[in-house]
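One-letter residues, chain by chain:
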There are 2 protein chains.
Amino acid sequence: MARGDRLRVIDPLGEQVADFIAFAREDLNEWLSSGRTLDYNNTIYLTTGHVLYSNRSNPLVTITGDTVGRHDFLYTPCSPETFSILYKTTGHHPSCFENLTTSLRPFGIEPDRIPTTFNIFMNVEVSPTGVLSVLPPLSKAGDYIEMRAEVDLVVGLTACAAEMSNNYRFKPIEFELGRPVPSDFRHS
Amino acid sequence: MARGDRLRVIDPLGEQVADFIAFAREDLNEWLSSGRTLDYNNTIYLTTGHVLYSNRSNPLVTITGDTVGRHDFLYTPCSPETFSILYKTTGHHPSCFENLTTSLRPFGIEPDRIPTTFNIFMNVEVSPTGVLSVLPPLSKAGDYIEMRAEVDLVVGLTACAAEMSNNYRFKPIEFELGRPVPSDFRHS
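A short tour of the structure in this document, coming up. The structure displayed is predicted, hence computed values, not measured ones.

In this section: the packing of aromatic side chains. The geometry of an aromatic ring pair comes down to the distance between the two centres and the angle between the two planes. Applying the stated criterion to the full structure yields 6 aromatic pairs over all chains. Look at Tyr40(A) and Tyr53(A): their rings are 4.7 Å apart centre to centre, the planes differ by 65 degrees, and that puts the pair in the edge-to-face class. Here Tyr40(A), found in helix H1 (residues 34-41), pairs with Tyr53(A), found in strand E3 (residues 51-53); they are 13 residues apart in sequence, far enough to count as distant. Tyr40(A) sits in the buried class, given a relative accessible area of 12%. Exposure remark for Tyr53(A): the relative accessible area of 13% places this residue in the buried category. Across from the ring centre of Tyr45(A), 3.8 Å away, lies the NZ or CZ of Arg70(A), which sits over that ring. The ring of Phe97(A) is capped by Arg36(B), whose NZ or CZ atom sits 5.6 Å from the centre of that ring.

Structure follows, in structure tokens:
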């Protein structure tokens, strides 16, 4: 994504999670930080108007539209170990981590650099005693979130492969990338 | 910390936060991950018996004792930007991030590698609408948490420099490092 681009992530059928991560293209050592983002927004539920920050406290993306209002920024992308440790799965299971690392490696981002992802449409609730529950996503068919890049970015996006996060049915995720019309064209 | 070592972090006067971070000594690309830890423990409040995991889903430390039961693993260490963005502070302000990066750099850990820290004694509550509140720590004079290293580690520990997190008074943090008695000695 170039600075100013807008990424719309769409859930065409409903109840499907998508994991999103971003790195500053100019220096891949600058990455999307859940901790800085929670710090500066003072909420675990991010929606329209909220800014997602880097580890260096710079704005990476701004949420410019959101028809759902429930996304998670606490959990890491599901990985092979998620399935073996939490779900006692044996053998290969597709995972967000595998999808992200396979796609981001050609851009010079090694697996160890993947931090906590922004888990679009993922519905996590925190009880008063701190217990976390993964509930079915609140997204209905056609719901979307839209984010504007505040700097040039390398981004990763994957439909989520964890059963519980997606109400036990795997559906596609769609996206549209919008580039602002250059002012030369707009005024001609 | 060598594998098996126990680190006791003590709040000698009460209401003082300490930020803790850990890296696997064998490969510094393996780091303490808040996201993996929340994933596998299913709670935002970690206490005795909980295991803190790395980005590779390996246990790094186990909490072996805790007289408080309220610590935070959502927020990043306070940094110069925390004070300028959130508190509009001008000029230099001491910060956990500066303390950690200054101390960890000689071990080969660059500032960009500092992830979300385990914020010992920090009292963060999440409202049902997701809003985060930083409340005075619940720790009283002499309270402690104790953690056992599950692998050889490089760890960073700092008393916290953010006003609100420490009920607006800065106090010392103490620690004790205990090494298991080698079995050769124990049985002689």
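Now for the sheet that holds strand E5 (residues 118-120) of chain B. Residues and elements named next belong to chain B. Here we have 3 strands laid out as an open sheet, ordered E5-E2-E9, and antiparallel in their pairing. Since the sheet does not close on itself, it has two edges, and those belong to E5 and strand E9 (153-159), each with one partner. Averaged over all neighbouring strand pairs, the angle between strand axes comes to 25 degrees, with direction disregarded. Where strand E2 (residues 18-24) and E5 come together, 3 bridges link them in antiparallel fashion. Note that in E5 the partner of Ala18 across the bridge is Ile120.

Quick look at unusual backbone geometry now. Residues and elements named next belong to chain B. Located in the positive-phi region is Glu15, a residue other than glycine, with phi close to 60 degrees. Note that Glu15 resides in the loop between strand E1 (6-11) and E2. The backbone phi angle of Phe121 is positive, close to 70 degrees, even though this residue is not glycine. Mapping Phe121 onto the fold places it in the loop between E5 and strand E6 (123-126). Classification of Phe121 as buried rests on a relative accessible area of 0%.

Moving on, we get to the interface of chain B and chain A. Listed per partner, the contact involves 37 residues of chain B and 37 residues of chain A. Of the roughly 3,100 Å² buried at the junction of chain B and chain A (both faces included), carbon and sulfur atoms supply 52%. Per-residue buried area on chain B facing chain A is highest for Arg36(B), Tyr40(B) and Asp112(B); these three make up 19% of the total on that side. Counting every contact that joins chain B to chain A gives 2 salt bridges. One salt bridge in this structure joins Asp112(A) and Arg56(B), with 2.7 Å as the shortest N-O distance. Counting the contacts that link chain B with chain A gives 26 residue pairs in polar contact (both at pLDDT 80 or more). Looking at the side of chain B that touches chain A, the elements that each hand over two or more residues are helix H1 (34-41) and helix H2 (80-86) of chain B. When residues of the side of chain B that touches chain A are assigned to their parent elements, the largest contribution, 6 residues, is made by H1(B). A class-by-class count of the residues in the side of chain B that touches chain A yields 17 nonpolar, 14 polar and 6 charged.

Definitions and limits used
Residues numbered from 1 in each chain as written. Chains lettered and ligands numbered in written order. Predicted model: local features only at pLDDT ≥ 70, side-chain atom pairs only at ≥ 80, totals over all residues. Heavy atoms only, no water. Phe/Tyr/Trp six-rings, centres within 6.5 Å; stacked < 30°, edge-to-face > 60°. Helix = DSSP H or I, 4+ residues; strand = E, 2+ residues; numbered from the N terminus. Buried < 20%, exposed > 50% of the residue type's maximum accessible area, 1.4 Å probe, protein only. Lys NZ or Arg CZ within 6 Å of the ring centre and 35° of its normal. Pairing = 2+ DSSP bridges. Axes fitted to C-alpha atoms, helices over the stretch in contact; angles between N-to-C directions. Contact = heavy atoms within 4.5 Å. Buried area = accessible area lost by both parts, 1.4 Å probe. Salt bridge = Lys/Arg side-chain N within 4 Å of Asp/Glu carboxyl O. Polar contact = N/O pair within 3.5 Å; in protein donor to acceptor, adjacent residues only side chain to side chain. Nonpolar A, V, L, I, M, F, W, Y, C, P; charged D, E, K, R; others polar.

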